[in-house]
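Letter by letter, the chains look like this.
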Amino acid sequence: MNNKKRIVVVGATSAMAEHCARLWLAKQPVDLTLVGRDAQRVERVAADLKVRSPQSEIRIVQADFFNPGAISATVENIFQSGNVDIVLIAHGSLSSQTDCQEDLEACCKTLEVNGVSPVLYAEAFAKQMERSNQGTIAIIGSVAGDRGRKSNYIYGAAKGLVTRYAQGLQHRFEGTGVKVVLIKPGPTDTPMTAHLKASGSKLASVEGVVKLIVDGVESGRLVVYAPGIWRAIMLVLMHIPNKIFNKMDI
Amino acid sequence: MKPVRSWGRLSSDPHYAFGLNNPFGVKSIVCHGTRKGVAHGMGRSYGDICLNPEGALWVTTGLDHFIAFDDSNGRLVCEAGVLLRDIQRLVIPHGWILPVTPGTQLVTVGGAIANDVHGKNHHILGSFGDHVQSVSLIRTDGEIIQCGPHEKADWFAATVGGAGLTGVITQAEIQLRRAPGPWLDAETVPYANLNEFFCLADGSEADWEHTVSWIDCITGGGGRGLFMRGNPTSDGERPLPRQRKLTMPVVPPVSMVNQFSLRPFNMAYYYLKKWQAKRVITHYEPFFYPLDNLLEWNRIYGPKGFFQYQSVVPREAGQDAVQAMLKEIARSGDGSFLAVLKTFGNRQSIGMLSFPQPGVTLALDFPNRGDHTHRLFERLDAVVREAKGRLYLAKDARMPRQLFEAGYPRLTEFIKYRDPGISSSLSRRLMGS
């Protein structure tokens, strides 16, 4: 066995996950396992990370995101080659609210990929980490999960599920060696369009958000808003009375 | 549709922007579009080479993955949206460096190839395309073309400096160059006139890898300046410079570069640097990329934006032509703070539409003052045409078609390699489609 920090990233092809991985590797060589659905795309991420950090060990796991049995087996398999220090559960997809309202199939997919699947993965890791009594589970939620609103409540409901789940998990592991960090990013610019944004748009850059995530995971904070200003914004939004909130066009 | 500007901020027209976020999906976006498009990286070219109003922009910055790097021979393979900055940061600690780099590292590999960019060491190492071993192109009919100096060399010659018009560059292999570290041994030498500049340039070519000069085109009679030269050095370890990034926070209502600010600014800059002129060891970032720490500096020219005018004229006509251009600028009362004068080496570029050619290049920027500025450009054009020179496509937003055709004799050869599904403002303006 080597003494490198062991990190697992589930949903490795998401922009946020990938940039977290780049940052971890830039700090020091790690033992990194990338879990994704599309082998070709995960391999692209792995090749890039390998160039950036030749001393790191990078493994790829192609996995199912929805079948509980498969998820359980995948995670058990990962632990067969040693304990995990950090798992980042980052998969999800921001689907359109109108699609979800038009088509229950899209609605169901949105709930599954953003809510049920991350929870199943976290639960599988929790089981393993409880045995070894060490490790950090970092789950990406969203500010959208803090309060439902008409423009994205299906996605928000799935992320709300993640929020409640993480709270419970934090309760369960209080006083143990296992830490649970819930990350709530605000709207983030993808790297692909960051420089094209119209002036006046104030989306956060993915690099800035990722730095907060990596620092938050390092220090084991319970909830990381990224950027931090969203903690204040959501505090206000969550306390607006329904009568007023429901008249707002947001 | 979203408004997109190039670096000169002269226009802000709506575009259909599509992110090319993974190489496996490029074909489906580029091939099945209903409208013509053009690849767009960091948008750092000044004019309209990267714009296509009402049409598609294929944004390549999501293609930001390295593919392979061989530490033993300095071969790097990467996707086209990787920034030169990321390459430098990756390879310099391994003892390698990009052989050629332009004045900003915030550009993509694809853009560096499509504009065949040059740097301060052109007289030794040529332009960016000279170090590219292989390029992958996706054509809008779905064909994938792999080309390089030894493979489909005609396609390669069309694509290097080809303004993105031969296909979408998705991947490239670059031969890096050994470097002793991030440090340069650099010297600034003031010169009083163009005679002195040419003596310095000729006298420095053999012993200095990097040469460039800032020219004061307005005070002191025009023609004095500061000659900067540098060589890579392994001279000792020292602490890295602190990174302090400033952002130009607003677009001022009028250009901050104007007839009132320019004279005092140029004079102050010249004398300050003249007094400080000496030999120093400097980090590569401030030496190569002096403006990269001032983010969005292009905003200082105000809401109307600015033009950059970069010409190259053959050496025989060089000194007279540069003198004539400086005279026109002084007469117009317009002026330019960021004025760069440099001699190119005695080598032809690979690309059919590459800009560098033997001679001397003068780059100037001008706040956009409408007709006044355009009339000045017409007089500068006349000097360039007379001297049998050409203008740089990456900087251009306005050159007349005849000047383009006269300056780029390989144009007819190039046209055969164009992708009919690709079009930009520049291609429509200068090639008719």
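We now turn to the structure provided with this report. Please read these numbers as outputs of a predicted model, since none were measured by experiment.

What counts, and at which threshold
- Residues numbered from 1 in each chain as written.
- Chains lettered and ligands numbered in written order.
- Predicted model: local features only at pLDDT ≥ 70, side-chain atom pairs only at ≥ 80, totals over all residues.
- Helix = DSSP H or I, 4+ residues; strand = E, 2+ residues; numbered from the N terminus.
- Rg over C-alpha atoms; globule rule 2.2 N^0.38 Å.
- Contact = placed C-beta atoms within 7 Å.
- Axes fitted to C-alpha atoms, helices over the stretch in contact; angles between N-to-C directions.
- Parallel < 35°, antiparallel > 145°, perpendicular 65-115°, else oblique.
- Left-handed = near helix turned anticlockwise from the far one by under 90°.
- Pairing = 2+ DSSP bridges.
- Nonpolar A, V, L, I, M, F, W, Y, C, P; charged D, E, K, R; others polar.
- Buried ≥ 20, exposed ≤ 12 C-beta atoms within 10 Å, placed from the backbone.

### Quick look at the overall build of chain A
The secondary structure content of chain A amounts to nine helices and seven strands. Against the globule reference of 18 Å for 250 residues, chain A gives a C-alpha radius of gyration of 18 Å, in line with a compact fold. Dimensions of chain A, computed from the C-alpha atoms along their principal axes, are close to 60 × 40 × 35 Å. Nonlocal contacts in chain A, meaning residues at least 24 apart in sequence, comprise 69% of its contacts between residues at least 6 apart.

### Some words on the packing of helix α3 (residues 68-80) of chain A against helix α5 (residues 104-132) of chain A
Residue and element names in this part refer to chain A. It is at 9 Å that the axes of α3 and α5 come closest, and there the two elements cross at 40°. What the angle tells us is that α3 and α5 run oblique. For the element pair α3 and α5, the recorded crossing hand is right-handed. Facing Pro-68, Ile-71, Ser-72, Val-75 and Phe-79 of α3, the residues of α5 in contact are Leu-120, Tyr-121, Ala-124, Phe-125 and Gln-128.

### Focus on the sheet that holds strand β20 (residues 359-367) of chain B
Residue and element names in this part refer to chain B. The eight strands lie next to each other as β16-β12-β14-β13-β19-β20-β18-β21, forming an open sheet whose pairing is antiparallel. Since the sheet does not close on itself, it has two edges, and those belong to β16 (279-283) and β21 (390-391), each with one partner. Of the pairings in the sheet, the one linking strand β18 (residues 306-313) to β21 comprises two bridges and is antiparallel in character. By the bridge assignment for β21, Val-312 is matched with Arg-390. Here helix α10 (residues 371-386) sits on the sheet in contact with β18, β20 and β21, set at roughly 10° to β18.

### Considerations on the packing of α5(A) against helix α6 (residues 153-173) of chain A
Residue and element names in this part refer to chain A. Interaxial distance between α5 and α6 falls to 7 Å at its minimum, and their mutual angle equals 15°. On the basis of the axis angle, α5 is roughly parallel to α6. For the element pair α5 and α6, the recorded crossing hand is right-handed. Residues Cys-107, Thr-110, Leu-111, Asn-114, Gly-115, Pro-118, Val-119, Ala-122 and Ala-126 of α5 lie in contact with α6, whose contacting residues are Ile-154, Tyr-155, Ala-157, Ala-158, Lys-159, Leu-161, Val-162, Tyr-165 and Leu-169. Here the residues of the contact of α5 with α6 are counted per class, giving 14 nonpolar, three polar and one charged.

### Quick word on the pairing of strand β3 (residues 37-40) of chain B
Residue and element names in this part refer to chain B. Because side chains alternate across β3, one face comprises the buried residues Gly-37 and Ala-39, and the other comprises Val-38 and His-40, equally buried. With four bridges connecting them, β3 and strand β4 (residues 56-59) associate as parallel partners. Across the sheet, residue His-40 finds its bridge partner in β4, namely Val-59.

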